[in-house]
Amino acid sequence: HISFALLEYTRGRPEKDKRCLLPPSVLRSASTLLLVSIGSCDFPREMAPSLNFPLLKQLKLWSVSISEDVFSRVLSSCHVLESLHLSRILEGSCLCISSPTLRIIVTLCLFEGKGKLVIKEAPHLERLLLRSPGLGVETIQVVRAPKLETVGLLSPCTLQIQINNLVFQGINPIELGKPNTQCKGFGSPVLWP
């Protein structure tokens, strides 16, 4: 678990100016890590080319400033990643996910402003869990995730979710690929024709 307190001497300044830069030394043991949580920091662009997480199964990024290209590089350095948790990504307005091993994605208040999450290629993705309303307006696009079964919970802040050519707006979770099945544990049932 890697996180930093906000810098006190920057009182009155925006949160971005109060976060520490993630030092490269904290990831020296990256090749042996199974589970990582990184929060309340800026992810340096210079660190991305040297990253390698051959054993990492779960990654959690929260309250981090990370550019779109560095985020892509982090994901591509995770060779067996199964679970990705994202919360409050503070830089950029679009995150693209391509992972041959990812099985679950959990988001919580993903962007501060208007943002888009694109799942380009995730052949083993089964669950996309969207917890609690976002701080900004979010759009989610799933390009290719043939094993995706569960999507939820869409909030009023989620403008739409697009899965291939299907577009959903302002609804509760659905279970995909299961004819006439009710969703469990989410309140009112949603039928899938």
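Residues numbered from 1 in each chain as written. Predicted model: local features only at pLDDT ≥ 70, side-chain atom pairs only at ≥ 80, totals over all residues. Heavy atoms only, no water.

The name given to the protein in an unreviewed UniProt entry is F-box/LRR-repeat protein 15/At3g58940/PEG3-like LRR domain-containing protein, and the organism recorded there is Aegilops tauschii subsp. strangulata.

S.K.: What's the story with the pairing of strand β8 (residues 115–121) in this structure? I'm lost.
M.R.: In regular strands, side chains alternate between the two faces of the sheet. Pairing of strand β6 (residues 94–98) with β8, which is carried by five bridges, proceeds in the parallel orientation. Across the sheet, the residue bridging to I97 is I119, located in β8. Relative to strand β10 (residues 138–142), β8 is paired through five bridges, and the arrangement is parallel. In the strand pairing of β10, G115 is matched with E138. (Pairing = 2+ DSSP bridges. Helix = DSSP H or I, 4+ residues; strand = E, 2+ residues; numbered from the N terminus.)

S.K.: For this particular structure, what's the right way to read a nonpolar patch on the surface?
M.R.: Residues L34, L35 and L55 make up a contiguous nonpolar surface patch of about 300 Å² in total accessible area. Mapping L34 onto the fold places it in the loop between β2 (20–21) and β3 (35–42). (Patch = residues over 30% accessible without salt bridge, like charges linked within 9 Å, V, L, I, M, F, W, Y side chains within 5 Å. Areas by Shrake-Rupley, 256 points an atom, 1.4 Å probe, with all protein chains shown as cover. Salt bridge = Lys/Arg side-chain N within 4 Å of Asp/Glu carboxyl O.)

S.K.: Which parts of the structure should I look at to understand helix α1 (residues 68–76)?
M.R.: Residues spaced three or four apart along an α-helix point in a common direction, a consequence of the helix completing one turn every 3.6 residues. Looking at α1, one finds that the buried residues are V70, F71, V74 and L75. Viewed along the axis of α1, the buried residues span an arc of 140°, placing them on a single side of the element. For α1, the elements touching its buried residues are β4 (58–65), β5 (83–89) and β6. (Buried < 20%, exposed > 50% of the residue type's maximum accessible area, 1.4 Å probe, protein only. Arc of directions from axis to C-beta. Contact = heavy atoms within 4.5 Å.)

S.K.: Sorry, what's going on with the pattern of salt bridges here?
M.R.: Pairs can form between side chains of opposite charge whenever their charged atoms are close. Evaluated as defined, the whole model comprises three salt bridges. For R103, the salt bridge is made with E126, and the minimal N-O distance between the two is 3.1 Å. On the criterion of sequence distance, the pair formed by R103 in the loop between β6 and β7 (104–111) and E126 in the loop between β8 and β9 (127–131) is long-range, its members being 23 residues apart. A relative accessible area of 38% means that R103 is categorised as partly exposed. Given the relative accessible area of 26%, E126 is considered partly exposed. The partner of R144 in a salt bridge is E121, with the nearest N and O atoms 2.6 Å apart. Here the residue R144 occupies a position in the loop between β10 and β11 (150–152), and E121 occupies one in strand β8, the gap between them amounting to 23 residues. Judged by relative accessible area, E121 falls into the partly exposed class, the value being 33%.

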